[in-house]
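The chain contents come next:
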Amino acid sequence: MERWLALELVSTIRHDGDGGVADGLATVPGTAHWIQEQGDLLAGHIPVGELAVDEDLRLAIVELRQAVRTLFARVVRPAPPSPADAHRLMTVDQATAHLNAAAARELVAPQIEWTVEGVPTARLLSAENEPYVRLVAALARAAIDFLSGPQRTQLRSCSAPRCVRYFVKSHGRQEWCKPSCGNRARAARHYRRQRMATDGGSAPP
């Protein structure tokens, strides 16, 4: 299953399974764990195993996440955004400026390599020595690539009860981010219809 670093970042805000919202970046250890989990997606950008996470880095990633979630909310309109933070999003101009500024902090140049198999590959060569800057810039570039790529048109906000996730629609009839959300949404819809029938009203579609 394809993974996108930008989607992984916004998905650090999720339903906690108990009616509330959990934040995977709420603490420094939680942030360090999330970064380690993204090692494959960050390969070639920064050696995550050598990165010491502190509160300043955590806050920088959280602020970048807020900018990306703002732009995700803009993409899914006119559908509603994730209810987790719909009331405290940045403006689109603020989010765009923040994302661009974070990406611009790292000076990188594309480099081509020719493998022994005769297949050219490209990588970015960084002139930045500060690993914190490189990490945040890599996250920002990943978000820019996502938002300007074809997957943007398939971005959705899950409408299942209590879910706060964004997801990329993988097939034409997909309405929810995962099967469990679909089951929960159908159960809620069935309950509403039964309730309306009991109350003598018309059942919603």
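Up top you'll find the structure we're talking about.
Fair warning: this is a prediction, and the values are worked out from it, not measured in the lab. (Residues numbered from 1 in each chain as written. Predicted model: local features only at pLDDT ≥ 70, side-chain atom pairs only at ≥ 80, totals over all residues. Heavy atoms only, no water.)

(A) Summary view of unusual backbone geometry. With an omega dihedral of 10°, the bond running from Arg77 to Pro78 counts as a cis peptide bond. Along the polypeptide, Pro78 turns up in the loop between helix 4 (55–76) and helix 5 (92–104). (Helix = DSSP H or I, 4+ residues; strand = E, 2+ residues; numbered from the N terminus.)

(B) View of the pattern of salt bridges. One pass over the full model with this rule turns up eight salt bridges. A salt bridge links Asp40 to Arg3; its shortest N-O distance comes to 2.7 Å. Of the two residues, Asp40 is situated in helix 3 (residues 39–42) and Arg3 in the segment before helix 1 (5–10); the sequence distance between them amounts to 37 residues. By relative accessible area, Asp40 is classed as exposed at 51%. When the shortest N-O distance is used, the salt bridge between Glu106 and Arg134 registers 3.6 Å. Of this pair, Glu106 sits in the loop between helix 5 and strand 3 (108–114) while Arg134 sits in helix 6 (residues 131–147), and the two are 28 residues apart along the sequence. Beyond isolated ion pairs, a larger network of salt bridges with shared partners links Arg3, Glu8 and Asp40. (Salt bridge = Lys/Arg side-chain N within 4 Å of Asp/Glu carboxyl O. Buried < 20%, exposed > 50% of the residue type's maximum accessible area, 1.4 Å probe, protein only.)

(C) How the structure looks around the pairing of strand 3. Alignment of strand 3 against strand 4 (residues 120–126), held across seven bridges, turns out to be antiparallel. Across the sheet, residue Pro110 finds its bridge partner in strand 4, namely Leu124. Connecting strand 3 to the next strand, strand 4, in antiparallel fashion are five residues, including Gly118 with a positive phi near 85°. (Pairing = 2+ DSSP bridges.)

(D) Examining the packing of helix 4 against helix 5 more closely. Two elements in contact, helix 4 and helix 5, have axes whose closest approach is 9 Å; the angle formed by their N-to-C orientations is 130°. Accordingly, the angle class assigned to the pair helix 4 and helix 5 is oblique. Our pair here, helix 4 against helix 5, has a crossing hand that is left-handed. On the side of helix 4, the interface is formed by Glu63, Leu64, Ala67, Val68, Thr70, Leu71 and Arg74, while helix 5 contributes Val92, Ala95, Thr96, His98, Leu99 and Ala102. The class makeup of the residues in the contact of helix 4 with helix 5 is eight nonpolar, three polar and two charged. (Axes fitted to C-alpha atoms, helices over the stretch in contact; angles between N-to-C directions. Parallel < 35°, antiparallel > 145°, perpendicular 65-115°, else oblique. Left-handed = near helix turned anticlockwise from the far one by under 90°. Contact = heavy atoms within 4.5 Å. Nonpolar A, V, L, I, M, F, W, Y, C, P; charged D, E, K, R; others polar.)

(E) Structural context of the environment of Ile35. Tracing the backbone through its elements, the reader meets Ile35 in helix 2 (residues 28–37). Classification of Ile35 by relative accessible area gives buried; the value is 1%. Taking the C-alpha atoms as reference points, Ile35 and Val48, 13 residues apart in sequence, are found 6.8 Å from one another.

(F) Looking closely at the environment of Ile144. Relative to the helices and strands, Ile144 is located in helix 6. For Ile144, a relative accessible area of 28% corresponds to the partly exposed category. Between the C-alpha atom of Ile144 and that of Leu99, which follows or precedes it by 45 residues, the distance is 7.6 Å. Sequence-distant contacts of Ile144, that is, excluding residues within four places in its chain, are made with Leu99, Asn100 and Ala103.

(G) Quick peek at helix 4. Look at helix 4: 31 Å from first C-alpha to last across 22 residues, which is about the 32 Å you get at 1.5 Å a residue. For helix 4, the N-terminal cap is Asp54; the gap from its side-chain oxygen to the backbone nitrogen of Asp56 is 3.3 Å. (Expected span 1.5 Å × (residues − 1). Polar contact = N/O pair within 3.5 Å; in protein donor to acceptor, adjacent residues only side chain to side chain.)

(H) A look at the nonpolar core. Counting residues in hydrophobic clusters, the biggest one holds 40 residues, and the most contacted among them are Ile35, Ile61, Leu64, Phe72 and Leu135. The set of elements that each furnish at least two residues to this core consists of helix 1, helix 2, helix 4, helix 5, helix 6 and strand 6 (166–168). Excluding its chain neighbours within four sequence positions, the residues that come into contact with Ile61 are Leu9, Leu25, Thr31, Ile35, Leu135, Val136 and Leu139. Ranked by size, the runner-up nonpolar core spans seven residues in total, among them Cys158, Cys163, Phe167 and Cys177. (Core = buried A, V, L, I, M, F, W, Y, C linked by side-chain atoms within 4.5 Å.)

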